[in-house]
Amino acid sequence: MTPADLSELLHATATTVLTERGLDVSVLPERVTVERPRNPEHGDYATNLAMQVAKKAGVNPRDLATWLAEALASADGIDEATIAGPGFLNIRLAADAQNQLVVSILEQKDAFGHGSTLADQVINLEFVSANPTGPVHLGGARWAAVGDSLGRVLEAQGAEVTREYYFNDHGAQIDRFARSLDAAATGKPTPDDGYAGDYIGEIAATVVQNHPGILDLPDAERVEAFRADGVELMFDHIKRTLHEFGTDFAVFTHEDEMFSSGLVEQSVDQLKAQGNLYEKDGAWWLKSTDFGDDKDRVVIKSDGNAAYIAGDIAYLKHKFDRGFTLAIYMLGADHHGYIGRLKAAAAAMGYDPARVEVLIGQLVNLVKDGKPVRMSKRAGTVITLDDLVDAVGVDAARYSLIRSSVDTSIDLDLDLLTQASNENPVYYVQYAHARLSAIARSAAELGIEGSTEHLGLLDNPREGDLVRTLGEFPGVAAAAASLREPHRVARYLEELAGAYHRFYSECRVLPLGDEEPTDLHRARVALCAATRQVLANGLSLVGVSAPDRM
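Procedures and definitions
Residues numbered from 1 in each chain as written. Predicted model: local features only at pLDDT ≥ 70, side-chain atom pairs only at ≥ 80, totals over all residues. Heavy atoms only, no water. Buried < 20%, exposed > 50% of the residue type's maximum accessible area, 1.4 Å probe, protein only. Helix = DSSP H or I, 4+ residues; strand = E, 2+ residues; numbered from the N terminus. Axes fitted to C-alpha atoms, helices over the stretch in contact; angles between N-to-C directions. Parallel < 35°, antiparallel > 145°, perpendicular 65-115°, else oblique. Contact = heavy atoms within 4.5 Å. Nonpolar A, V, L, I, M, F, W, Y, C, P; charged D, E, K, R; others polar. Disulfide = S-S within 2.5 Å. UniProt positions renumbered as here; feature names shortened; annotations may be inferred. Polar contact = N/O pair within 3.5 Å; in protein donor to acceptor, adjacent residues only side chain to side chain. Pairing = 2+ DSSP bridges. Expected span 1.5 Å × (residues − 1). Right-handed = clockwise from strand over helix to strand, strands pointing away.

1. Overview of helix α14 (residues 394-402)
Phase 1 of the analysis: Along α14, 7 of the 9 residues are buried, which leaves the element largely enclosed by surrounding structure.
Phase 2 of the analysis: Taken residue by residue, α14 has A396, A397, R398, Y399, S400, L401 and I402 as its buried positions.

See below:
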């Protein structure tokens, strides 16, 4: 029995109890919350349901808890239900019901932890979208890891997810990039507003190699040639870096297409027709404040050129025209204004603003030898994803970037992430999987097969704690998807690894020496197989490998 199963049982039981006493069942929450008590002696699970609804139902909380406990006593899978304090309900599961979870995991295999809560959603997930003017920096690296993991947890709950990269190839930053390449190739100083770093010289040299006569072209033609080839080379590098990091995109949309296709013009015309643009000081303004934004936004500037938001509006329309029910944007720490801006733009275009979600990620810092790492050898000014992977590897980089909530800044300790110790969280989790894989190999060599026929023998408190931790995985995975918080999966994996390591230190799984295998050994082998499966499933959701050996 999982916490979700118990939640459903409690809801059904409470419905019956209230109905039998002529009380209003509408006071019940849609989902009953169950938690594991801090002290396992209090039971396997606890709920405050009685205290939550008693006042609304017009009864004493402890009386309601008593009625619930009496009803639960005869329910399948419940060993004991007791009352604590003013109306807490402590519940102890029957051993067979609890351990049946092992059977479920072994039957469902890779599907355990998956659900269908988002089966009606067709989601566009846009993340990274770094300008093609330099390597992916640490902020982009965080989104590369978190965004890919979020896509995985959304898909695990039944959503259809399209990972999309918005290719910013329209605007002043591309002009500065082209002039920086030209300066590097012609031996001129880097422009004051240009880009520096070894990669600029490398790309410029490659463009010259591919086009031997480029340096003889007139200035304007030469810079344009550097723009065209340089952007392509830079973007190829970005895509290759992300692929090697385990992050791939189904769609690459070019910002320039929003303008060249006429979509920006169409969107502006639509807003004018709807009366949601007005003219002031020679510019056209979006009535953003009518739709919840903190100020109105210029869409067409007084010189006739489109402001940046014009492309954003066209791109939003482009997404919904393709049939997406939800557009999730994952943006950097300096983009807080985009939350109200994009929702207002959606509303002004006639879409439900709830169909737009904006996640803001905070900064990432690297620390080595207790000191901040300030500069990349290759990029010159920022630390890049390439730097991080070179220092700690893909798995450690991904896991460390995912395991913290994106709304908090994080310091990544390079020394810690390269340690083979329990203090290193990714090592701690992966080592648990490797240890379980070793047990599976040893059991096979001894001819011991895991058996679910004698799971009732698993009565050690460490075994019970491990089983209950396994049971939390579906709820964690569902919450990670609904709250857009894949870090919940990583933190759960650490909890599960801890429960397993504690079990392993106290409960011998395989016989020693000439000892004959017993049913208890076989039951523990089955429990280990279930634990290994859940660890693998969880690591898959964060895009980190589940090694068989370490």
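2. Observations regarding the packing of helix α6 (residues 172-186) against helix α8 (residues 219-244)
Phase 1 of the analysis: Where α6 contacts α8, the axes come no closer than 8 Å and their chain directions differ by 105 degrees. Classified by the interaxial angle, the pair formed by α6 and α8 is roughly perpendicular. Residues I174, D175, F177, A178, R179, L181, D182, A185 and T186 of α6 touch α8, and the partners they reach there are R222, V223, F226, R227, G230, V231 and M234.
Phase 2 of the analysis: Among the residues forming the contact of α6 with α8, the class breakdown is 9 nonpolar, 2 polar and 5 charged.

3. Some words on the state of the cysteines
Phase 1 of the analysis: What the rule picks out here adds up to 0 disulfides.
Phase 2 of the analysis: With no disulfide of its own, C507 lies 9.3 Å from the sulfur of C528, the closest cysteine sulfur.
Phase 3 of the analysis: Given the relative accessible area of 1%, C507 is considered buried.
Phase 4 of the analysis: Given a relative accessible area of 3%, C528 falls into the buried group.

4. Let's talk about the UniProt feature "domain: Arginyl tRNA synthetase N-terminal" (unreviewed entry) in the protein chain
Phase 1 of the analysis: In the numbering used here, UniProt assigns the feature "domain: Arginyl tRNA synthetase N-terminal" (unreviewed entry) to residues 4-93.
Phase 2 of the analysis: In the segment residues 4-93, helix accounts for 42% and strand for 18%; the C-alpha atoms at its two ends are 13 Å apart.

5. Section: the side chain of N124
Phase 1 of the analysis: With respect to the secondary-structure elements, N124 resides in strand β4 (residues 122-126).
Phase 2 of the analysis: Within polar-contact distance, the side chain of N124 engages the side chain of E164 at 2.6 Å.
Phase 3 of the analysis: Of the polar contacts made by the side chain of N124, one reaches the side chain of K319; its length is 3.3 Å.
Phase 4 of the analysis: If we skip the residues at most four places from it in the chain, N124 touches T162, E164, K319, R322, F324, L326, A327 and I328.

6. Quick word on the sheet that holds strand β12 (residues 364-368)
As a general point, the strands of a sheet are linked pairwise by backbone hydrogen bonds and lie either parallel or antiparallel.
Phase 1 of the analysis: In space, the 3 strands of this open sheet follow the order β13-β12-β14, with mixed pairing throughout. Of all strands in the sheet, those with a lone pairing partner are β13 (371-372) and β14 (410-413), marking the two edges.

7. Quick word on α6
Phase 1 of the analysis: Given a rise of 1.5 Å per residue, 15 residues ought to cover 21 Å, and the 21 Å separating the end C-alpha atoms of α6 matches this to within 8%.
Phase 2 of the analysis: Buried within α6 are the following residues: Q173, I174, F177, A178, S180, L181, D182 and A183.
Phase 3 of the analysis: Each element contacted by the buried residues of α6 is listed here: α7 (198-210) and α8.

8. A closer look at the pairing of strand β11 (residues 356-360)
Phase 1 of the analysis: Within β11, 4 of the 5 residues are buried, which leaves the element mostly enclosed by the surrounding structure.
Phase 2 of the analysis: With 5 bridges joining them, strand β10 (residues 326-331) and β11 adopt parallel strand pairing. Its bridge partner being in β11, M330 is matched across the sheet by L359.
Phase 3 of the analysis: Each parallel crossover has a hand, and the one from β10 via helix α12 (residues 337-348) to β11 is right-handed.

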